[in-house]
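Per-entry structural report
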Amino acid sequence: MNPVTTTPGTSPIVLAMPHTGTYVPTEIAEKLNERGKALADTDWHIDRLYRDILPDASRVQANFHRYVIDANRDPNGESLYPGQNTTGLCPLTDFDGERLYSAGQEPDAAEIESRRSLFHQPYHAALQAELQRLKRIHGFVVLYDCHSIRSRIPYLFEGQLPDFNIGTFDGKSCAAALSDAVHAVCASSKPYQSVVNARFKGGWTTRHYGQPTQGVHAIQMELAQRNYMQEQAPWQYKSESAAALHLVLEQALSALAAASASFNLPANPTSEV
């Protein structure tokens, strides 16, 4: 199983999808308890929801599940939100704080390193290669990290999550013009609610790659799943509501593409990401 699928595009925008995969190797699946085997914390249907939006954009999609290893976590295991409940590089609990493994079957340091080598590293090698390729062509690149999550998870945040949760690491990971363009569309699309750098400020991908002064802009979009799917098993796609959300995302990404056109810098074949 290839851990990552890359679909190269021609525009300076890359759509990254680190949490849509559902592949779990047999030797890992056998260690999970029934709750872990349910794979509840998947970013269900994100690839379908973004289908045909910006068809000239590149896509980099992880095929493995986040319970194997989380492609949006620091490979060194550092917490993204110190002092807050969260899940780690190789999660031991789900978003509700419940254990994922049978007793005594949690991964040790050697297994975590193996998973990092087999899954986390190849995903980011593919993502970095695509960012570098497009930056050589355009002189800049925009990474748009696609995510979704249940609307209510008391273990992680209070109350109900807004519909659109835009993260730019408190403005450090991308030019304000880009996040403003996306936010303007989302905020004006009723009855949806949009916030920037609230509970979700962007994961490791956004923080690691986002270097605006180097021509690499990164923005994370965390969607509330209630707007396009059933939030409990069997996590069915709701076509009618998904179509309405798809339209807003199409407008938001079109606005992002238009805003990025102002960054039409000379291509630099020697530049790196």
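Residues numbered from 1 in each chain as written. Predicted model: local features only at pLDDT ≥ 70, side-chain atom pairs only at ≥ 80, totals over all residues. Heavy atoms only, no water.

Attention now goes to the overall build of the chain. Scanning the chain from N- to C-terminus turns up seven helices and seven strands. Its C-alpha atoms give the chain a radius of gyration of 18 Å, near enough to 19 Å, the size a compact globule of 273 residues would have. With respect to the principal axes defined by its C-alpha atoms, the chain has extents near 55 × 45 × 35 Å. For the chain, restricting intrachain contacts to residue pairs at least 6 apart in sequence, the fraction spanning at least 24 positions comes to 80%. Accessible surface computed for the chain: about 11600 Å², of which carbon and sulfur atoms make up 51%. (Helix = DSSP H or I, 4+ residues; strand = E, 2+ residues; numbered from the N terminus. Rg over C-alpha atoms; globule rule 2.2 N^0.38 Å. Contact = heavy atoms within 4.5 Å. Areas by Shrake-Rupley, 256 points an atom, 1.4 Å probe, with all protein chains shown as cover.)

Now for the confidence of the model for the chain. The share of residues in the chain with pLDDT of 70 or more is 96%, and the mean pLDDT across the chain is 94. Low pLDDT, under 50, characterises residues 265-271; the stretch is placed with 14 contacts to residues that sit more than four places away or in other chains. (pLDDT = per-residue confidence, 0-100.)

This part is about helix H7 (residues 239-260). Along its 22 residues, H7 runs 30 Å from first to last C-alpha, staying within 8% of the 32 Å computed at 1.5 Å per residue. Among all positions of H7, only Ala242, Leu245, His246, Val248, Leu249, Ala252, Leu253, Leu256, Ala259 and Ser260 are buried. For H7, the secondary structure elements touched by its buried residues are strand S2 (13-17), helix H3 (46-49), strand S4 (141-149), strand S5 (164-167), helix H5 (176-187) and strand S7 (216-224). (Expected span 1.5 Å × (residues − 1). Buried < 20%, exposed > 50% of the residue type's maximum accessible area, 1.4 Å probe, protein only.)

To summarise the sheet geometry, strands pair through backbone hydrogen bonds and adopt either a parallel or an antiparallel arrangement. Strands sit in the order S1-S3-S2-S4-S7-S5-S6 across an open sheet of seven strands; the sheet is mixed. Two strands in the sheet have a free side with no partner beyond their single neighbour: strand S1 (4-7) and strand S6 (194-196). Direction aside, neighbouring strands of the sheet carry axes that sit 20° apart on average. Pairing geometry for S4 and S7, over nine bridges, is parallel. In the sheet register, Tyr144 faces S7, and the bridge partner there is Ile219. Strands in contact with helix H4 (residues 109-138) are S1, S2, strand S3 (58-62), S4 and S7; relative to S3, the strand with the most contacts, it is inclined by about 170°. (Pairing = 2+ DSSP bridges. Axes fitted to C-alpha atoms, helices over the stretch in contact; angles between N-to-C directions.)

So, about unusual backbone geometry. In this structure, the amide linkage connecting Lys190 to the following residue, Pro191, adopts the cis form with an omega of 5°. With respect to the helices and strands, Pro191 occurs in the loop between H5 and S6. In this structure, the amide linkage connecting Ala233 to the following residue, Pro234, adopts the cis form with an omega of 10°. With respect to the helices, strands and loops of the structure, Pro234 is situated in the loop between S7 and H7. Its identity is not glycine, yet His45 carries a phi of approximately 65°, on the positive side. Mapped onto the elements, His45 comes out in the loop between helix H2 (34-37) and H3. Exposure remark for His45: the relative accessible area of 21% places this residue in the partly exposed category.

Side chains Phe164 and Ile166 of S5 all project onto a buried face; the interleaved residues Asn165 and Gly167 project onto the opposite face, where all are buried too. Sheet analysis places S5 next to S6, joined by three bridges and oriented parallel. What sits directly across from Phe164, in S6, is Ser194. After leaving S5, the chain enters H5 and then returns to the sheet as S6, a path that is right-handed. By the bridge criterion, four bridges tie S5 to S7 in an arrangement that is antiparallel. The residue bridging Phe164 from the neighbouring strand is Leu223, located in S7. (Right-handed = clockwise from strand over helix to strand, strands pointing away.)

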